[in-house]
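Coordinate analysis (summary)
The lines below spell out each chain.
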Amino acid sequence: MARELLKGNEAIAEAAIRAGLQAYFGYPITPQTELLEWMSKRMPELGRAFVQAESELAAINMVYGAACTGARVMTSSSSPGISLMMEGISYIIGTEVPAVLVDVMRGGPGLGNIAPAQSDYNQIVHGGGHGDYHLIVLAPASVQEAVDLTVLAFDLAEKYRTVAVVLLDGSLGQMMEPAELPPMRPVKTVYPEWAATGMMGKREKNILTSIYLNPPDEEQTNLRLLRRWQEVEANEIRFKEYFMDDARYVVVGFGSAGRVALSAVRAARAEGIPVGLLRPITLSPFPYAHIRKLAERVEGFLVVEMNAGQMLEDVRLAVSGQKPVEFYGRLGGVMPFPDEILAEIQRIASGGLTLEGHPRERWLQRMNGKN
Amino acid sequence: MVMEQILPEEIVYQRPEALADVNTHYCPGCTHGVAHRLIAEVIDEMGIRDRMVGVASVGCSVFAYNYFDFDWVQAPHGRAPAMATGIKRVLPDRFVVTYQGDGDMASIGMAEVVHAAARGENITVFFINNANYGMTGGQMAPTTLPGQRTTSSPSGRDVETAGYPIRAAELLATLEGASYVVRRSLHDPKNIRLAKKAIRTALEVQAQGLGFSMVEFLSTCPTNWGMTPVDALHWLEEHMIEYYPLGDFKVAPTVAQIRI
Ligand SMILES: Cc1ncc(C[n+]2csc(CCOP(=O)(O)OP(=O)(O)O)c2C)c(N)n1
Ligand code: SF4
């Protein structure tokens, strides 16, 4: 298969199409608009459905409708647009139909800016919509990984009849890198038994709904979703490790922050500092158990994010106070540089670790000199 | 006791196949039930039950999917036209209909229905206008008449502060993508017959791929209006039709040729 030089957004769009995407519904927002534009050309060309919706609310509900037919469907947006989609996401989860969502994050809150950030971690990983639910969240750190995880997102969404999210920041969406694209899969012609496609002379009627007025029924539904989530946790946790064999310190970062941190870890290694990198690929389910194990043998952690420490809380939960956790974040669309992270690693390696206080407070104090 | 046997050829009136054999939760005398029956009869007559996908909305008709005997999905409040768009785009040869109240369609879901109509989405919207929010206990809707008392306009809708009621059919009829937009009433047999004919035309529009169709039904809510079912029918006739005139607001030339 040919390697192609594509922007992250375009590569994700093409990967989804090749994964058998039957319908795309979206609304323009920087920095993900190339994804919608790519779909507007390619989908009609292939005789598949494309609608530029009037809003993110409409887009996600078009996805919801199409998902009820069992077809492969997706939408994409960026932070403020994702906030609007939360209603539909909660309904899709509640109805147990599969869909894929791409969130190319920018700086916030509010209108914020269009620069790369990881500000939606909490909204996506810990659920922004109403109700008790989990999303499958995949975080690529390169265009190739974005392609591979997009294809995986469809498979996981279908396997667990849920929403799978590809979560990346604006820099990955805009970045051009060579990537190998998957082979073209045709769209489905046979729809699942549970779908609302019209009975077509084959079966009794199907009702797809998320309303259970009787509290014990709603409880059962919630329990069913939770049990399925346990399966996801047992089978689908993914992460990448670098220089971990003899590491005494661990940097934890996802997506672009993880990628920048890898350069810092390499530089630290060149100085003889025994540091490794853990890059979670699935932010949800989160590799809690793995981090807990690591905590038994390393001296401390440094969490690096392009936000104010959202994944930090999950790492702290995993570490459970066994070892010190430090934090370094840049916000509002500012990308961290490798040498900033290297300086943090050096500080930690020269005895800067403590179990006292909250890592975010200590970081805020250290940030006082900056900017 | 001698039981009289009814021969099949003697049956002149029975439950349409498209209507499930279950009791509904609608209040006695509520015309939601009339609208259901008419839609089901037309689906039977057209023989399209197997190809139907309904989109239920939020409101008293939230359980419409239990009462019709074909595939249904349940939309978030107001978003039914967007869900219907998603379904229709994936399955263009199915009949996709939404069934929405006035709070659902003309308030929270106004954008979704306007844009589905503007796109000429080949779906049919059944719009039940009962001048209030039924399910949540009779609050003011965008369709509540000036001066009409509701639980959230206790001294009557004051247009100075609450604005004017929205005439959805007239509004949607201005859109190029809308092919068939009419208003009918469910208050007496003659109007019920006309309503049924409009349902038929709307579904024919969809069958022929002619674009967006919408039938608005003036409907009663005896419970929240605080009236007997009969008084409610009279109130509809006397007050609602004045503000919401019955008629055809958009019949595209392609639609005018449909003969049923
Ligand atoms: C997002 C959201 N907001 C509010 C509600 C509460 N709600 C349920 S039904 C309803 C009004 C429905 O009225 P209408 O569409 O006129 O239908 P009717 O009950 O009169 O048939 C409202 C406001 C909801 N379910 N979801
Ligand atoms: S509350 Fe009103 S609209 Fe709802 S079922 Fe009762 S009468 Fe009908």
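Residues numbered from 1 in each chain as written. Chains lettered and ligands numbered in written order. Predicted model: local features only at pLDDT ≥ 70, side-chain atom pairs only at ≥ 80, totals over all residues. Heavy atoms only, no water.

Naming follows an unreviewed UniProt entry, where chain B appears as 2-oxoglutarate ferredoxin oxidoreductase beta subunit of Anaerolinea thermophila.

Per an unreviewed UniProt entry, chain A is named 2-oxoglutarate ferredoxin oxidoreductase alpha subunit, and its organism is Anaerolinea thermophila.

**A few points about the sheet that holds strand 5 (residues 178–185) of chain B**
Pairing is mixed in the open sheet, where eight strands are placed in the order 9(A)-2(B)-1(B)-3(B)-4(B)-6(B)-5(B)-7(B). A single partner strand is all that each edge strand has here, and the edge strands are strand 9 (207–208) of chain A together with strand 7 (247–251) of chain B. Two strands pair when backbone bridges link them, and strand 9 of chain A and strand 2 (residues 71–74) of chain B are joined in this way by two bridges, in the parallel orientation. When the sheet's bridge partners are listed, A:L208 is paired in strand 2 of chain B with B:V73. Those strands touched by helix 10 (residues 229–243) of chain B are strand 4 (124–129), strand 5 and strand 6 (212–218) of chain B, and its axis lies near 135 degrees from that of strand 6 of chain B. (Pairing = 2+ DSSP bridges. Helix = DSSP H or I, 4+ residues; strand = E, 2+ residues; numbered from the N terminus. Contact = heavy atoms within 4.5 Å. Axes fitted to C-alpha atoms, helices over the stretch in contact; angles between N-to-C directions.)

**Things to note about the packing of aromatic side chains**
Pairs of aromatic rings are described using the distance from one ring centre to the other and the angle between the two planes. In total, this model carries 13 aromatic pairs over all chains according to the counting rule given. Residues A:Y121 and A:F254 carry aromatic rings whose centres are separated by 5.6 Å and whose planes lie at 40 degrees to one another, so their mutual orientation is tilted. Separated by 133 residues along the polypeptide, A:Y121 in helix 5 (residues 121–125) and A:F254 in the loop between strand 11 (249–252) and helix 9 (255–270) bring together distant segments of the chain. Accessibility classification places A:Y121 together with A:F254 in one group, the buried group. One aromatic cluster is present, built from ring pairs that chain together B:F68, B:F70 and B:W72. (Phe/Tyr/Trp six-rings, centres within 6.5 Å; stacked < 30°, edge-to-face > 60°. Buried < 20%, exposed > 50% of the residue type's maximum accessible area, 1.4 Å probe, protein only.)

**Notes on the site of ligand 1**
Residue and element names in this part refer to chain B. The full set close to ligand 1 counts 16 residues, and C60, D102, D104, G134 and M135 are the nearest of them. The contact in question runs from an oxygen atom of ligand 1 to an N or O atom on the side chain of H32, over 3.0 Å. A distance of 2.3 Å separates an oxygen atom of ligand 1 from a polar side-chain atom of D102. Compared with its free state, where it exposes 600 Å², ligand 1 has 76% of that area covered by protein. Of the residues forming the shell around ligand 1, the biggest block, four residues, is contributed by helix 4 (residues 102–108). Looking at the shell around ligand 1, its residues break down into five nonpolar, nine polar and two charged. (Near = heavy atom within 4 Å. Polar contact = N/O pair within 3.5 Å; in protein donor to acceptor, adjacent residues only side chain to side chain. Areas by Shrake-Rupley, 256 points an atom, 1.4 Å probe, with all protein chains shown as cover. Nonpolar A, V, L, I, M, F, W, Y, C, P; charged D, E, K, R; others polar.)

**Overview of the pairing of strand 2 (residues 23–26) of chain A**
Residues and elements named next belong to chain A. Burial along strand 2 is two-sided: A23 and F25 facing one way and Y24 and G26 facing the other are all buried. The sheet contact formed by strand 2 and strand 3 (residues 49–52) spans four bridges and is parallel. Following the sheet pairing, A23 is matched in strand 3 by A49. For the crossover that starts at strand 2, traverses helix 2 (residues 33–45) and ends in the parallel strand 3, the hand is right-handed. Both strand 2 and strand 4 (residues 73–77) contribute to a ladder of two bridges, which runs parallel. The partner of A23 across the bridge, within strand 4, is V73. (Right-handed = clockwise from strand over helix to strand, strands pointing away.)

**Description of the UniProt feature "domain: Thiamine pyrophosphate enzyme TPP-binding" (unreviewed entry) in chain B**
Residues given the UniProt feature "domain: Thiamine pyrophosphate enzyme TPP-binding" (unreviewed entry) here are residues 59–203 of chain B. Spanning residues 59–203 of chain B, this segment combines 39% helix with 17% strand, and its end C-alpha atoms are found 23 Å apart. (UniProt positions renumbered as here; feature names shortened; annotations may be inferred.)

**Some remarks on the layout of surface pockets**
Residue and element names in this part refer to chain A. In this structure, the largest pocket encloses a volume near 440 Å³. Lining the largest pocket are 22 residues, and of these S90, H130, S210, I211 and E218 sit closest to its centre. A class-by-class count of the residues in the lining of the largest pocket yields eleven nonpolar, nine polar and two charged. (1 Å grid on protein atoms, 1.4 Å probe; cavity = no way out; pocket = protein on both sides within 12 Å on 5 of 7 lines; lining within 4 Å. Points joined across faces, edges and corners; volume = space filled by probe spheres on them.)

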